[in-house]
Amino acid sequence: MIQASTRFWHPFSDMSQVIGHEVILDRGEGAWVWDRDGRRYYDATASLWYCNVGHGRVELAEAAAKQMRRLDSYSTFGSYANEPALELAERVCALAPIPEAVAFFTTGGSDAVDTAAKLVRRYWHAVGQPERQLILVREGAYHGMNTYGTSLAGIPANAAGYGQLVPGVIQVARDGASDLARVLAEHSGHVAAFFAEPVIGAGGVYPPVEGYWAAVQELCRAHDVLLVIDEVVTGFGRLGSWFASERYDIQADLILGAKGITSGYFPVGVVLCGQRIQEPFWRGSAGLLRHGYTYSGHATGAAVSLANLGLIEAEGLLERVRYLEAALSSELSTLSDHALVAEVRTAGLMGAVELTARALQDDPGIIDKVVRAAQERGVLTRGLVGRALHISPAFITTAAELADLAAALRESIDAVGAQRLATAADRR
Ligand SMILES: Cc1ncc(COP(=O)(O)O)c(C=O)c1O
């Protein structure tokens with residue numbers, strides 16, 4: 001029998017390592033959180049890319065409480081709706097870079113991915129081309145962990161060990177469009193959609209190479225393939241515009257959002273749908289869409305989303321991200337000269353500090369060691385794909401905090417580097 005100090009099964013974890021080492025967080029304010037022993041940490045990742053307006057925002061707690069007192073929620077299946085869900089649909093569709101969009105709400109990013117994958121296949125079925133079933137994805141992509149998201153995983157470890165996943169998924173190279181062109185030509189008339197993040201996030205923060213999005217869109221148009229842009233991380237401001245699709249001039253058929261829509265104060269996701277996809281479903285030819293979630297259009301989730309979007313606007317947080325982008329890039333770049341650092345990549349308030357192949361080869365667990373060293377220095381970060389440190393602070397952070405962050409990361413990498421040298425010396 002396992003004698004554990006916890007009954008909480010942590011997601012994305014090896015519980016054998018977690019038992020006895022839980023970091024129990026108790027409160028948060030701005031870009032900072034405190035554990036239950038009162039230790040303060042800089043939240044370098046805005047939790048999981050989501051706490052964009054910062055922790056401890058009373059406005060969002062009050063918006064939730066106000067809505068819960070009036071109407072917690074009610075199913076939106078069939079013809080039911082509620083005021084906050086209707087208002088949020090209007091609001092996000094007005095912000096979306098998709099003309100005349102409509103919004104299908106979910107309970108998070110993985111649900112949004114599932115919804116989009118089912119919608120594109122169901123769309124082609126409805127318009128008389130059921131042979132269009134294939135979904136193309138990029139190497140390194142992360143589209144959540146429901147069964148569709150797992151099947152679309154461009155990070156091989158995330159799909160390993162689960163047996164048969166959803167068939168009909170083809171992976172193409174991360175950078176450049178020539179591999180995509182080849183696959184589209186080989187499977188002409190059988191591809192439903194191309195799913196992609198504007199900037200690869202969990203796969204290591206890879207901004208698009210020059211001309212990537214223009215080339216992808218030309219190919220999708222030429223092969224009549226739907227373009228699904230997963231903005232679960234980038235949506236609602238992380239790149240300094242409401243959607244990264246604006247920054248890269250992407251005209252998507254579907255845009256997926258989650259995390260930043262509520263800054264994580266309530267689990268909400270959204271699929272923003274352009275006119276083409278709406279057509280058969282809203283005119284009636286496709287019949288009933290047998291898809292939806294108990295909490296789709298949750299009244300309290302929608303009220304919190306509206307309050308969060310209101311804060312981003314009222315506090316000029318998109319402008320602030322644009323201002324902080326340069327600071328994040330220049331502060332993290334100072335780490336590029338470190339002997340253990342291979343590359344620093346940033347876009348908006350997304351960043352990755354990748355360690356050298358040599359360091360990773362010598363010690364495959366080095367990223368976790370740096371993460372622990374940073375934690376000891378009061379910074380919470382995590383490893384991305386076992387190679388890089390994840391950085392995505394709240395939009396309300398300051399340039400001074402970013403400078404302190406870079407200094408703490410340098411110290412943490414130094415400390416692990418020193419341990420590494422000491423161990424190598426012991427072995428000699
Ligand atoms: C690009 C992207 N899509 C989808 C998801 C899944 O979102 P969730 O964890 O809310 O289900 C994530 C989560 O990090 C993500 O980064």
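Residues numbered from 1 in each chain as written. Predicted model: local features only at pLDDT ≥ 70, side-chain atom pairs only at ≥ 80, totals over all residues. Heavy atoms only, no water.

A. Seen up close, helix α7 (residues 178–186). Regarding α7, the residues found buried are D179, L180, V183 and L184. Seen from one end, α7 has its buried residues packed into an arc of 135°, which puts them on one side. Summarising the geometry of α7, the exposed residues directed more than 90 degrees from the buried face are S178, A185 and E186. Along its buried surface, α7 packs onto β5 (134–138), β6 (169–172), β7 (191–196) and α8 (212–222). (Buried < 20%, exposed > 50% of the residue type's maximum accessible area, 1.4 Å probe, protein only. Helix = DSSP H or I, 4+ residues; strand = E, 2+ residues; numbered from the N terminus. Arc of directions from axis to C-beta. Contact = heavy atoms within 4.5 Å.)

B. Up close: helix α4 (residues 83–95). Look at α4: 18 Å from first C-alpha to last across 13 residues, which is about the 18 Å you get at 1.5 Å a residue. The set of residues buried in α4 consists of P84, A85, L88, V92, C93 and L95. Buried residues of α4, viewed axially, fall in a sector of 155°; they line one side. What points out from α4, more than 90 degrees from its buried face, is the exposed set E83, E90 and A94. Turning to α4, the residues buried within the fold contact α3 (58–70), β4 (102–106), α9 (244–247), β10 (269–273) and α11 (299–314). Of the residues flanking the start of α4, the one acting as N-cap is N82, its side-chain oxygen 2.8 Å from the backbone nitrogen of A85. (Expected span 1.5 Å × (residues − 1). Polar contact = N/O pair within 3.5 Å; in protein donor to acceptor, adjacent residues only side chain to side chain.)

C. View of the domain arrangement of the protein. Structurally, the protein comprises domain 1 (15–53 + 316–427) and domain 2 (59–314). Residue-level contacts link 29 residues of domain 1 with 32 residues of domain 2. Here domain 1 and domain 2 share an interface that buries about 2,300 Å² over both sides, 62% of which is from carbon and sulfur atoms. It is W49, L318 and M350 in domain 1 that bury the most area against domain 2; as a group they hold 27% of the surface buried on that side. Between the two partners, domain 1 and domain 2, sit 1 salt bridge. When the shortest N-O distance is used, the salt bridge between E325 and R247 registers 2.9 Å. Looking at the side of domain 1 that touches domain 2, the elements with two or more residues in it are α2 (46–49), α12 (317–333), β11 (341–347) and β12 (350–355). Broken down by element, the residue count for the side of domain 1 that touches domain 2 peaks at 5 residues, all from α12. When grouped by side-chain class, the residues that make up the side of domain 1 that touches domain 2 number 18 nonpolar, 6 polar and 5 charged. (Domains from an automatic or database assignment. Buried area = accessible area lost by both parts, 1.4 Å probe. Salt bridge = Lys/Arg side-chain N within 4 Å of Asp/Glu carboxyl O. Nonpolar A, V, L, I, M, F, W, Y, C, P; charged D, E, K, R; others polar.)

D. Up close: the sheet that holds strand β13 (residues 379–380). As summarised here, the arrangement of the 4 strands in space is β1-β2-β3-β13, forming an open sheet in which the pairing is mixed. In this open sheet, the two edge strands, each paired with only one partner strand, are β1 (25–29) and β13. Relative to strand β2 (residues 32–35), β1 runs antiparallel, the two sharing 4 bridges. Bridge pairing in β2 links L25 to D35. Set on the sheet, helix α15 (residues 399–427) makes contact with β2, β3 (40–43) and β13; between it and β3 the angle comes to about 105°. (Pairing = 2+ DSSP bridges. Axes fitted to C-alpha atoms, helices over the stretch in contact; angles between N-to-C directions.)

E. Up close: the site of the ligand. Surveying the vicinity of the ligand reveals the residues G108, G109, S110, Y142, H143, G144, E197, D230, V232, V233 and K259. Between a nitrogen atom of the ligand and a side-chain N or O atom of D230, the distance comes to 2.7 Å. Compared with its free state, where it exposes 390 Å², the ligand has 81% of that area covered by protein. Residues that form the shell around the ligand fall into these classes: 3 nonpolar, 5 polar and 3 charged. (Near = heavy atom within 4 Å. Areas by Shrake-Rupley, 256 points an atom, 1.4 Å probe, with all protein chains shown as cover.)

F. Geometry of the side chain of D114. Along the chain, the position of D114 falls in helix α5 (residues 109–126). Of the side chains with opposite charge, K118 lies nearest to the buried D114, which makes no salt bridge, at 6.2 Å. Excluding residues that lie within four positions of it along the chain, D114 makes contacts with N146, T147, Y148, G149 and Y293. (Lys, Arg positive; Asp, Glu negative; His and termini not counted.)

G. A look at unusual backbone geometry. In the Ramachandran plot, A46 falls in the positive-phi region, its phi being about 50° despite a non-glycine side chain. Tracing the backbone shows A46 in helix α2. Here the phi dihedral of S263 falls at roughly 55°; this positive angle occurs in a residue that is not glycine. Tracing the chain through its elements places S263 in the loop between β9 (254–257) and β10. The class of S263 is buried, set by a relative accessible area of 1%.

H. Seen up close, the packing of α12 against α15. Interaxial distance between α12 and α15 falls to 9 Å at its minimum, and their mutual angle equals 20°. When the axis of α12 is compared with that of α15, the two are roughly parallel. α12 and α15 meet at a crossing whose hand is right-handed. Contacts between α12 and α15 pair Y323, L324, A327, L328, E331 and L332 from the former with A399, L402, A403, A406 and L409 from the latter. (Parallel < 35°, antiparallel > 145°, perpendicular 65-115°, else oblique. Left-handed = near helix turned anticlockwise from the far one by under 90°.)

I. A nonpolar patch on the surface, seen in detail. Taken together, the side chains of L71, Y74 and Y80 make up a nonpolar region of the molecular surface, amounting to roughly 330 Å² of accessible area. Mapped onto the secondary structure, Y80 falls in the loop between α3 and α4. (Patch = residues over 30% accessible without salt bridge, like charges linked within 9 Å, V, L, I, M, F, W, Y side chains within 5 Å.)

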